[in-house]
Amino acid sequence: MARNAAARGTLFALRREIARIEGTLPERLARPEDACGMVAGDAARLRFGIDRLDRMLGGGLARAALTEFHGAETRDAGAVAGLALALAGALLKQPGSVEAPVLWIGTAEVFREAGVPYAAGLRELYGIEPEKLLFSEAPKLADVLWVAEEAAALTALSAVVLEVRGNSERLDLTATRRLHRRAQAAGRPVFLLRQAAQAESTAAPVRLCVSPAPAATRSTVAGPLAGSLGRPAFTVAVDKCAAAMSGRFTLEWNPDEHEFTERRTTDPVAMVPLSGDGTGAAAAPGAVVAFRAATAQAASGQPAGGQRPPRRRAG
């Protein structure tokens, strides 16, 4: 026990030093003994509603902070944006939240590659009225960062979403430190969405790596509906947090209740396609399915259908 306590103290000291380098206020970090059960300060937290995930994040995402949502590939951009929209919708519905819009900032390249949220889908899936989501597009990343810094200091916004593509020298540790400090001063969250980027050092206290997860089948009164697509699902990996722990979660979004549920199963949704006639799953790897198995010659003495005797070389 004493050895474990010493290890936790060393880990906490290391986290404080990292926080000093990245510009995160050390006093905002949870102490090791709080990281596993801290739920205090819920008013300043944005909770997923998943106990294991919220505990790992120290009670949820800090509302007055920069949070990074990382997508490794371009095709992950939809999942990254969907998770951010779900959290933005939850933020707008929290008690005491201001009736203010969310500002989404990006370059023309970002919106060309990944598109923009569909207005009808905002209301249907996330409960966000279209007029509550504003967009700002700039031709260059330098302009986008300037808009984001100015917007992060405004209390007239519920949140600021900054979506960037790839890795740029302009979005370095200093730039993210400025965004984080302005979010702290304004008491509003800034969501940094990284599209097709490599993970790098930022001042964000939390980094979530997001990718799409296979949807489960739709549930009906009679049971699962075969061949159907269920609720949107996300694979969320905690890559960086104050508790210095990592974890991987599969979250399903309920568009009716506007809440997350965790899918925990040892046998996830099958990814192999159905067979040609659609009557069963594909054969196990390694099985030969293109040809019939060799059989003995028919009773007539002729080779089985499709087979020919080997040629003989004239003597």
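Everything discussed here concerns the structure shown above.
This write-up is about the structure you can find in this document.

Here is what the cut-offs are and how they apply
- Residues numbered from 1 in each chain as written.
- Predicted model: local features only at pLDDT ≥ 70, side-chain atom pairs only at ≥ 80, totals over all residues.
- Heavy atoms only, no water.
- Core = buried A, V, L, I, M, F, W, Y, C linked by side-chain atoms within 4.5 Å.
- Buried < 20%, exposed > 50% of the residue type's maximum accessible area, 1.4 Å probe, protein only.
- Helix = DSSP H or I, 4+ residues; strand = E, 2+ residues; numbered from the N terminus.
- Contact = heavy atoms within 4.5 Å.
- Pairing = 2+ DSSP bridges.
- Axes fitted to C-alpha atoms, helices over the stretch in contact; angles between N-to-C directions.
- Polar contact = N/O pair within 3.5 Å; in protein donor to acceptor, adjacent residues only side chain to side chain.
- Expected span 1.5 Å × (residues − 1).
- Arc of directions from axis to C-beta.
- Salt bridge = Lys/Arg side-chain N within 4 Å of Asp/Glu carboxyl O.

1. Considering the nonpolar core
Thought 1: The biggest cluster of nonpolar side chains holds 43 residues, and the ones touching the most others in it are Phe-48, Leu-61, Phe-69, Leu-193, Leu-208 and Phe-260.
Thought 2: By residue number, the principal contributor to this core is helix α3 (residues 77-93), which donates 11 residues.
Thought 3: Each residue touching Phe-69, except ones within four places of it in the same chain, is listed here: Leu-61, Val-80, Leu-83, Leu-87, Phe-191, Leu-192, Leu-193, Arg-194, Leu-208 and Val-210.

2. Considerations on the sheet that holds strand β6 (residues 159-165)
Thought 1: Pairing in this open sheet of nine strands is mixed, and the strands run β5-β4-β6-β7-β3-β8-β11-β12-β13 from one edge to the other. Each edge of the sheet is formed by a strand with only one pairing partner; in this case those strands are β5 (133-138) and β13 (259-262). Mean inter-strand twist for the sheet, computed between neighbouring axes without regard to direction, equals 25°.
Thought 2: Bridge count for strand β3 (residues 66-70) against strand β8 (residues 206-212) is four bridges, and the pairing is parallel.

3. So, the environment of Arg-182
Thought 1: For Arg-182, the position within the fold is in helix α7 (residues 173-186).
Thought 2: Taking the C-alpha atoms as reference points, Arg-182 and Ala-152, separated by 30 residues in sequence, lie 5.7 Å from one another.
Thought 3: Setting aside residues up to four positions removed in sequence, Arg-182 forms contacts with Glu-149, Glu-150, Ala-152 and Ala-153.
Thought 4: Among the polar contacts listed, one links the side chain of Arg-182 to the backbone oxygen of Glu-149, at a separation of 2.9 Å.

4. A short note on unusual backbone geometry
Thought 1: Backbone geometry places Ala-196, a non-glycine residue, at a positive phi of 50°.
Thought 2: With a relative accessible area of 23%, Ala-196 lands in the partly exposed category.
Thought 3: Of note, His-258 is a non-glycine position whose phi angle comes to about 55°, a positive value.
Thought 4: Topologically, His-258 is positioned in the loop between β12 (247-254) and β13.

5. Some words on helix α6 (residues 141-152)
Thought 1: Under the 1.5 Å per step criterion, the end-to-end length of α6 is 16 Å for 12 residues, consistent within 8% with the ideal 16 Å.
Thought 2: Taken as a whole, α6 has its buried residues at Val-144, Leu-145, Ala-148, Glu-149, Ala-151 and Ala-152. Taken down its axis, α6 places every buried residue within 165° of arc, on the same side.

6. A short note on the pattern of salt bridges
Thought 1: For the structure on display, the rule yields 12 salt bridges.
Thought 2: As a salt-bridge pair, Arg-47 and Asp-54 come within 3.5 Å of each other at their nearest N and O atoms.
Thought 3: Exposure remark for Arg-47: the relative accessible area of 31% places this residue in the partly exposed category.
Thought 4: Taking relative accessible area as the criterion, Asp-54 reaches 1% and is therefore assigned buried.
Thought 5: Among the ionic pairs, Arg-165 bridges to Glu-109, the shortest N-O distance being 3.6 Å. Here the residue Arg-165 occupies a position in strand β6, and Glu-109 occupies one in helix α4 (residues 108-114), the gap between them amounting to 56 residues.
Thought 6: Classification of Glu-109 as partly exposed rests on a relative accessible area of 37%.

7. Considering the pairing of strand β11 (residues 233-240)
Thought 1: The element β11 is largely enclosed, with a buried count of seven among its eight residues.
Thought 2: Two strands pair when backbone bridges link them, and β8 and β11 are joined in this way by six bridges, in the antiparallel orientation. Looking at the pairing, Pro-212 lines up with Phe-234 of β11.
Thought 3: Across six bridges, β11 lies against β12 in antiparallel orientation. Its bridge partner being in β12, Ala-233 is matched across the sheet by Glu-252.

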